[in-house]
Structure formats: structure tokens, C-alpha cells
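Coordinate inspection notes
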Amino acid sequence: MKLLSKVYNFLVFGFLYAPIAVMIVYSFNSEKSRTNFGSFSFRWYQELFNDDIILKSLYVSLLVAVLSALAATLIGTLAAVGIDSMKAPLKRAYLMVNNIPVVNPDIVTAVSMMILFVFVITRINGLNMGFGTLLIAHITFNIPYVILSVLPKLRGMNSNIYDAALDLGCPPLKSFMKVVVPEILPGIITGFIMAFTLSLDDFVISYFNSGSTAQTLPVTIYSMTKRPYSPKINALSTLLFISVMLLLVVVNIRQSAGVKKDKKTIKKEVR
Amino acid sequence: MTNNHIIDLKNISVSLGGEQILKNMNLYINDKEFITLLGPSGCGKTTTLRIIGGFLEPDEGDVIFGGKRVNGVPPHKRRVNTIFQRYALFPHLNVFENVAFGLRIKKLPEKEIRQTVDEMLKLVNLSGFDKRNVNSLSGGQQQRVAIARALAVNPKVLLLDEPLGALDLKLRKDMQVELKNIQQRLGITFIYVTHDQEEALSMSDTIVVMDGGVIQQIGSPLDIYNEPKNAFVADFIGESNIVDGVMVRDFCAEFAGSRFECLDKGFSEREAVDIVIRPEDVDVVPTEKGMLSGVVTSVTFKGVHFEIIVDVRGFKWMIQTTDYEAVGNVIGLRIEPDAIHVMKKSVYSGRYGDYSSFSDEIDMLSDTSYEEESVPDE
């Protein structure tokens, strides 16, 4: 029985990670073949970094991820503060509205946004699908995730501490920055990292909303697969996989540290 | 300022969520006074505190601070500071930075800040705790940090919202003494909110008894205890036997089927009244020497005394006595004229002061439900 569960475990992780492992291995292949492994080399990595199209789309991807994550974090945090201070029925309504984009299929979000952009663009001269529309789309789909990661921190906070700061002579905005923000900062950072990763990861929404001038990396890779196959994709995907992995590890460490801290304070209160 | 009032509340009314919390409240608070707002949860005492602190604007009425109307002045511009329920320390700052918070806002020089914080920590017996994380402190220590933090900014008035509610009994008693000492040493006004009548009696210069958003009585602890204005106050402060009676004439009251000499006057002839007799003011005597007689129905040992319930013609009296009386004994009761307090009839008449349902079990049950009720008040 024990053996069986081990085999089962092995199979699950095998199926999950085998493709990625193969991809990583072949990214170091010196030949173009997908079946023969010649020798270990960085050839495809070299070619990758000489490919202007890929580098440009990487730049677009990173830029849009950073900017959209920043904007979404700011808007989402403020929204969370607002929602947190609402009365119960209104709060529930807002949370539901907030959750719809999260569960909504990406393709629906993508197409509906595209239709909206096209609707606006055809009515105003000089506007075009491009980096602007891409950024707006990314900010929009990132906001709910930021709200979801900040709200629990607000709920767990002693709401009197804001009053206490006011009470000690601190003006409202300063009180918020000095007392509330440090308390919910872990949630804000987690929200930012999540928004950044989701934005980097996104294909469907970018595909429909970027136009031809501002293609993100996933969109570029997709168009590359339609042309004769190049192992550059392997190298690129490997790099992407490792970056996202690192980010995930950071998020997880942060979260588990937060849980430990919460447990400690709970214990103290019981005592 | 012609008078000594530091705070005047004039005709204050507040409604929250369609419910009237305070009804046309008038209250003045003298400078350097220790005043306690006392009442059950939901009586409006915390709301009163929030109005003084500036966290809540009254629907009607004026808040006057040091002779100036301060309606609409935000909390950070008022020279009052609050000790919040459950302390509300800043968890991301250590003890020193918590206490220094208000001083840093004022942009005082670092040397002055250090000096004041040291002074404050010494005042609350927390010297040497500067670098400690506030989450690692015990409840009592956190309480002290909260006090030091509020006092550091040198307020004219300190508002305390059930500050000792979360502490255990022993610690609470120590902190009561300490708070009173601090108040007297610094000579600032304390406005203290509690539902614990014992706390109120032992600390206050003045007690304001509230119920249902209305002030029931204002007076010194002695006045409140000895001369309660109505059945609510008599029942809420200490134990009371409250019986229906009639003022036959000045200095003579009739209740429980007998006439008694008393010290009260100024009622109309044969006016129906409420009579309060404290359990410790009734003497147990042999039946033939008693003014009243009754049967002992329950006895509880309380340490210093026995608490016995005596059935006198169907009305259950509580009596505290140092002599043991067995259940079923017939005993005589003697009531001196100064033990009798006569009150005008009020809306509270007949609702309190009978111990017929009294037993320790029921008392405990009502205590717990009381604690739970006090949560929304926070």
C-alpha cells in the first residue's frame, strides 16, 4: 500500500513535470533536433539574446507587468480599504462584483475588453490598439487579486489603531500611511507579486488587446510556434519558468511566515 | 472661563443606525476631576466618550472644550487623548516608538523625545522595556504602554474606555490604584468608562450613572451609593432591597406592613414611594425584638459575611450578616432610621430589588450574558 502510494505520487509529479524537464534539457541541446540530443551548449540562449523581436517583446512584457502591478496594487489597496469599511450587505455585494472577473473565463474578459476598446477607438481619431490598451487591460484584470490579498489583512487589524493615531495628533492621511499601511504591507506586497506574475503569465488577454505594436512575450512565442520550430523557444520558456518559480517561492515563504506570526499572536491572546 | 468646567456637553443627542443612543444629554466636567461614566452595555457611555474624543459628531447639541465649541474639530486637533479598549498599540513599533509616536508627530527634538518617553515609561513602571516588541508584552504591560503613549503628548483630558476590562481581577485592582495615583500626580482630568460599579466607586470623584442614553444620576460615590435617585441606580450600584412603600408623613415611612421612622422628608402625604435598604444595613435579631420577621430561605457564604435571603410576607430580602442562620430559621429584622432611603417612583419602579429569583446560579448566568452583550458596545 505504501509502495503503491509512492508510485502514484511519482506518476502524478512525473506527468506534471516531465514536459518541463524535457523542455529544459532540450534548451541546452547543441542541435536543432527535437529528438537527438547532441551535446550540452548555450547555443539557443545565445541566439535568443540576439533576437530583437523576442527581446522587444520581453521588454514589453516586463514593462507592462511592472506598471500594471504597480497601478493595480495602488488602486486595489485603496479599494480594499473602502470595501473593508462598508456595512455588511454592501460589502458582500462589492466582494461578489470583485470576484466575478476572477472566476470569469479569460477569453470572455479578453474579448469583451477588446470590443470595448474597438468601440472607443473607432469613435476617437488618433487612437490605436497598442501598449495603452494592453496596460489598461492588465491593470483591470489584476485589481481583483490585489483586493483579495489585502482585505484579509485589513480584517485582521485592530481597527482602533487608526483612531489611536488620530488621537495622538496625527492627521488622517498620515495616520493611514504610518499605522494602517505597515499593518497591511504583507498583503500589499503579496498582491503586487501576484499581479506581476499574472500579468507576465497572461496570454489570452494580451493576445486580444495588444494590437500589432506591443506584443508581449507569450504572444510572440505563440506566433513563433506557427513558423518553423526554433529551440530558442525552449531556452526562452526555461528562463520564464525559472523566474516564475522564484517569484512563487518568495510568495510562499512570505505567506507561511505570516501564518506563523499570526499563530504566535493568537497564542499570546489566549494566554 | 468663569467656571471650572473643562468640558461641557449641552443637549447632546445621537442616533446610530436609526437607534437613539443619547437623548438630550447635559453634562459638565470639572478640570482635574476623575469622573466615571457608569452603566450597562448599550447605555451610551462609550458613545459619550467618542463624542468628546471627536470620533463621532452629535446630531444635536454642543461640545464645549475649555470654553470653546469644538463640534466638527477632528480628533487629531483636540487636546484629549484616549486609552482604547484592547489598547490599540501599534504592532509594528516597539515600546519606545509607540510611546514616542505622538511626540514624533509634533516634530520635537530627538533628545526631548527620549527624555519624555523615559519619564513616561518610568511613570508606568516599564523602565527598560524600550526595545521590546509590544506583542510580546502581557495584557497589563500593554495597558501600561497605552497609558504612557497617551500621557506622553501631555493631554488636558484623558479618556479611558473600559481600560481594565481585559485584565484579570488581581491585576485590575492593582491598576485601579495605579491609575488613580497617576491621575492625582499629573493633575489631569480623567473621564473613565466602565460597567463595573466597584471600579467606579473606588476610583472616582464623580460618578455619572447612565441607562438608555439618559443620565440617571450624577454625584460622588458616597451620594450615589447612599442616596440613589431611582430603583435603577439603587440596583446597579451594589445590592439593594427595593420595596414599595408609602410616606405617611415626614420622617415616617410605611412598608412591609409596618411603620418605620426614617430621615427623609419633603414628600406629599401618603405618596407612594420606593424604599431602598442595603443588605448590610439590616440587623438580624431575635424574633421578638425585630421590627419585621421572616423565614430564611437560602444562605451563601461570601467570605467576610453570609448572604441570606429572608422571606418577609412574600417579599424576598437579601441580608448580609456575619452570624450564620440555618435555612428555615425564623428571624427578626431591625432597620435603623438612617438605613432607610426613600425614592420617588420612577419608570424603573418594580423592576428591581426583589431577590425572589435569586440564586448564585442565575447570577452567574446573567453575568456571562452581560459580558457578551458588551461586545457590540466596543
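Residues numbered from 1 in each chain as written. Chains lettered and ligands numbered in written order. Predicted model: local features only at pLDDT ≥ 70, side-chain atom pairs only at ≥ 80, totals over all residues. Heavy atoms only, no water.

Let us look at the overall build of chain B. Across its full length, chain B carries nine helices and 20 strands. Summarising its shape, the C-alpha atoms of chain B cover approximately 80 × 40 × 35 Å along the three principal directions. Considering only contacts in chain B between residues 6 or more positions apart, those separated by 24 or more positions represent 66%. Within the structure as shown, chain B displays about 17,300 Å² of accessible surface, and the carbon and sulfur contribution to it stands at 49%. In chain B, which carries 41 positive and 56 negative side-chain charges, the distance between the mean positions of the two groups comes to 9 Å. (Helix = DSSP H or I, 4+ residues; strand = E, 2+ residues; numbered from the N terminus. Contact = heavy atoms within 4.5 Å. Areas by Shrake-Rupley, 256 points an atom, 1.4 Å probe, with all protein chains shown as cover. Lys, Arg positive; Asp, Glu negative; His and termini not counted. Charge placed at Lys NZ, Arg CZ, Asp CG, Glu CD.)

If you tally the helices and strands in chain A, you get eleven helices and zero strands. Going from N to C terminus, chain A has its helices and strands arranged as α-α-α-α-α-α-α-α-α-α-α. By its C-alpha atoms, chain A is 70 × 65 × 35 Å across when sized along the principal axes. Counting over 271 residues, chain A shows a buried share of 37%. Within chain A, contacts between residues at least 6 apart in sequence are counted, and of these 69% link residues at least 24 apart. Entry remark: accessible area of chain A is about 16,000 Å², with carbon and sulfur atoms responsible for 70%. (Buried < 20%, exposed > 50% of the residue type's maximum accessible area, 1.4 Å probe, protein only.)

Moving on: the nonpolar core. Most often, soluble globular proteins keep nonpolar side chains buried together rather than apart. Within the largest apolar cluster, 42 residues are counted, with the highest numbers of intra-cluster contacts made by A:Val150, A:Ile184, B:Phe90 and B:Phe101. For this core, the secondary-structure elements that each account for two or more residues are α3 (52-84), α6 (131-155), α7 (160-167) and α8 (172-201) of chain A together with α2 (95-105) of chain B. Residues within four places of B:Phe90 in sequence aside, it is in contact with A:Ile161, A:Ala164, A:Ala165, A:Leu168, A:Val179, B:Asn98, B:Phe101, B:Val134 and B:Arg149. B:Ile113, B:Ile147, B:Leu164 and B:Met175 belong to the second-largest nonpolar core, a separate cluster that totals 37 residues. (Core = buried A, V, L, I, M, F, W, Y, C linked by side-chain atoms within 4.5 Å.)

Time to look at the domain arrangement of chain B. Residues and elements named next belong to chain B. Partitioning chain B into structural domains gives domain 1 (5-226) and domain 2 (231-363). Each of domain 1 and domain 2 was reduced to a C-alpha centroid, and the two centroids are 37 Å apart. On the domain 2 side, the residues contacting the 14 residues of domain 1 number nine residues. Between domain 1 and domain 2 the total buried area reaches about 1,000 Å² when both faces are included, carbon and sulfur atoms providing 65% of it. (Domains from an automatic or database assignment. Buried area = accessible area lost by both parts, 1.4 Å probe.)

It is worth spelling out a nonpolar patch on the surface at this point. All names here are of chain A. Residues Leu3, Val7, Phe10, Leu11 and Phe15 make up a contiguous nonpolar surface patch of roughly 610 Å² in combined accessible area. With respect to the helices, strands and loops of the structure, valine 7 is situated in helix α1 (residues 2-27). Judged by its relative accessible area of 42%, valine 7 falls in the partly exposed class. (Patch = residues over 30% accessible without salt bridge, like charges linked within 9 Å, V, L, I, M, F, W, Y side chains within 5 Å. Salt bridge = Lys/Arg side-chain N within 4 Å of Asp/Glu carboxyl O.)

This next bit is on the interface of chain B and chain A. The extent of an interface is frequently quoted as the accessible surface area lost upon association of the parts. Facing the 24 residues of chain B at the interface are 21 residues of chain A. For the pair chain B and chain A, the two sides together bury roughly 2,000 Å², of which 62% comes from carbon and sulfur. The tally of links from chain B across to chain A stands at one salt bridge. When the shortest N-O distance is used, the salt bridge between B:Arg50 and A:Asp163 registers 3.5 Å.

All names here are of chain A. Look at helix α4 (residues 88-103): 22 Å from first C-alpha to last across 16 residues, which is about the 22 Å you get at 1.5 Å a residue. All of the buried residues along α4 are Lys91, Leu95 and Asn98. Seen along its axis, α4 keeps its buried residues to an arc of 65°; they face one direction. Exposed residues on α4 whose side chains face more than 90 degrees from its buried face are Pro89, Arg92, Met96, Val97 and Val103. In this fold, the buried residues of α4 make contact with α3 and α6. (Expected span 1.5 Å × (residues − 1). Arc of directions from axis to C-beta.)

Another point: the side chain of B:Thr48. In this structure, B:Thr48 sits in helix α1 (residues 45-53). Judged by relative accessible area, B:Thr48 falls into the buried class, the value being 1%.

All names here are of chain B. Pairing within the open sheet is mixed, and its six strands lie in the order β6-β7-β8-β3-β9-β10. Of all the strands in the sheet, the pair left with one neighbour each is β6 (80-83) and β10 (214-219). Adjacent strand axes in the sheet meet at a mean angle of 20°, parallel and antiparallel pairs treated alike. Across four bridges, β6 lies against strand β7 (residues 157-161) in parallel orientation. The residue of β7 that forms the bridge with valine 80 is valine 157. (Pairing = 2+ DSSP bridges. Axes fitted to C-alpha atoms, helices over the stretch in contact; angles between N-to-C directions.)

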